[in-house]
Amino acid sequence: MTGPTLGDGSPTHGPPADPSTPWPRRVYEQPSTELARALLGARLVRHDGAGRTAGIVVETEAYGGPDDRASHARAGRTRRTAPMFGAAGHAYVYLIYGVHSCLNVVSDGPDRAGAVLIRAIEPVDGLALMRTRRGAAPGADMRLAAGPARLCQALAVDRALDGHDLTAADRLWIADADPVTAARIADAGIVTGPRVGVAYAGDWASRPWRFGVRGHPSLSRPFPVEP
DNA sequence: ATAGGGATTCTC
DNA sequence: AGAATCCCTATT
């Protein structure tokens, strides 16, 4: 399997996988828990004045609507969370701890709020630019974007991209990975675990809504061992 | 372990 | 209005 799938496993857009064509909106129009899985192995592309950077998504987390006590949408629609209540296929970028940006992808339909947090990518394009932005030396490239705020630094993503439409090949979008990469990621398998940093969310905190590529060196942190 | 930092939401 | 909170990272 080389592309995103819908709930029944059927491809969402026809072969061949194209690493430069943005995913169409219908791929995003599914529950965040399913989109979070579909995004693993996808190519996240950023293009700006400084050049092109890109990476393979290796870790995600699903967030739901007002009923999800761990989701920003728990307070209902506000100025900040408006993108989560809007059309799928847009970015939701917020600032946390007054310091860091985090990138989410809006899921679901107009009737339901939801988003997927991109927690880590494997850098594949524009490595030198990413190192410069991160103040990193060569030799630890797999850790350049291993974390939701680190990947925003590496790709120069901030709130200027909040609400950005991901379905056009402009500034920030998501596409299929090349077939070799897609196969490598698919072969590794998927691990799940509780979401990070949401201990306040009661029984929602223990839901296994964190998804990762098994054993990948760019994961933000280890997954708890599965029973 | 904890400092850093600011927008957002909560509580009065 | 002021207070509390926060889907994190880098450094000790």
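The following refers to the structure shown. Sequence order as written defines residue numbering, which begins from 1 separately in each chain. Chains and ligands are labelled by the order in which they are written, letters from A for the one and numbers from 1 for the other. Only residues with pLDDT of 70 or above have their local features reported here, since the model is predicted, and side-chain atom pairs are shown and tallied only from 80 upward, although totals for entire chains, interfaces and linings are computed over all residues. Based on all heavy atoms of the structure, the side-chain values leave hydrogens and waters out of the count.

1. Considering the protein's contact with DNA strand B
- For DNA strand B, the full set of nearby residues is Ala-75, Thr-78, Arg-80, Tyr-97, Gly-98, Val-99, His-100 and Arg-159.
- Near-protein atoms of DNA strand B (within 4 Å) split between backbone and bases, with sugar and phosphate holding 62%.
- Within 3.5 Å is the distance limit for a polar contact, defined as a pair of N or O atoms, with the added protein rule that one can donate a hydrogen and the other accept it, and that residues adjacent in sequence qualify only through two side-chain atoms. Contact between DNA strand B and Thr-78: a phosphate oxygen at 2.5 Å from a side-chain N or O atom of the residue.
- The separation between a base nitrogen of DNA strand B and a polar main-chain atom of Gly-98 is 3.2 Å. We call a residue near a molecule or strand as soon as one heavy atom of that residue lies within 4 Å of the molecule or strand.

2. A few points about the pattern of salt bridges
- Any Lys or Arg side-chain nitrogen located within 4 Å of an Asp or Glu carboxyl oxygen qualifies as a salt bridge. Evaluation of the coordinates by the stated rule reveals 13 salt bridges.
- For Arg-119, the salt bridge is made with Glu-59, and the minimal N-O distance between the two is 2.8 Å. Here the residue Arg-119 occupies a position in strand β5 (residues 115–125), and Glu-59 occupies one in strand β2 (residues 51–63), the gap between them amounting to 60 residues.
- One salt-bridge network, in which partners are shared between bridges, spans Glu-59, Glu-61, Arg-119 and Arg-210. To qualify as a helix, a DSSP run of H or I must reach at least 4 residues; to qualify as a strand, a run of E must reach at least 2; elements of each kind are numbered from the N terminus.

3. With respect to the side chain of His-72
- Residue placement: His-72 occurs in the loop between β2 and β3 (91–96).
- At 2.7 Å, the side chain of His-72 and the side chain of Tyr-92 are in polar contact.
- By definition in these notes, contact holds between two residues if any of their heavy atoms fall within 4.5 Å. Residues within four places of His-72 in sequence aside, it is in contact with Arg-80, Thr-81, Met-84, Tyr-92 and Tyr-94.

4. Quick word on helix α2 (residues 32–39)
- Think of it in three bands: residues with accessible area under 20% of the maximum for their type are buried, residues over 50% are exposed, and the middle band is partly exposed, with areas taken using a 1.4 Å probe on protein chains only. All of the buried residues in α2 are Ser-32, Leu-35, Ala-36, Ala-38 and Leu-39. Projected down its long axis, α2 shows its buried positions confined to an angular sector of 165°, all on one face.
- As for α2, its buried residues are in contact with α1 (25–28), β2, β4 (100–106), β5, β6 (172–175) and β8 (210–213).
- Positive phi shows up at Gly-41, right after α2, with a value of about 90°. To obtain the arc, one takes the directions from the helix axis to the C-beta atoms.

5. Section: the protein's contact with DNA strand C
- Around DNA strand C lies a shell of 19 residues, among which His-72, Tyr-94, Arg-134, Arg-150 and Tyr-200 are the nearest.
- Per the 4 Å cut-off to the protein, sugar and phosphate atoms form 59% of the nearby atoms of DNA strand C.
- A distance of 2.8 Å is found between a base oxygen of DNA strand C and a side-chain nitrogen or oxygen belonging to Tyr-94.
- In the model, a base oxygen of DNA strand C is placed 3.0 Å from a nitrogen or oxygen of the His-100 side chain.
- Sorting elements by how many residues they give to the surface near DNA strand C places helix α4 (residues 148–155) first, with three residues.
- Only Asp, Glu, Lys and Arg are considered charged in this grouping, and only Ala, Val, Leu, Ile, Met, Phe, Trp, Tyr, Cys and Pro are considered nonpolar; every other residue, Gly among them, is considered polar. Residue composition of the surface near DNA strand C, by class: eleven nonpolar, five polar and three charged.

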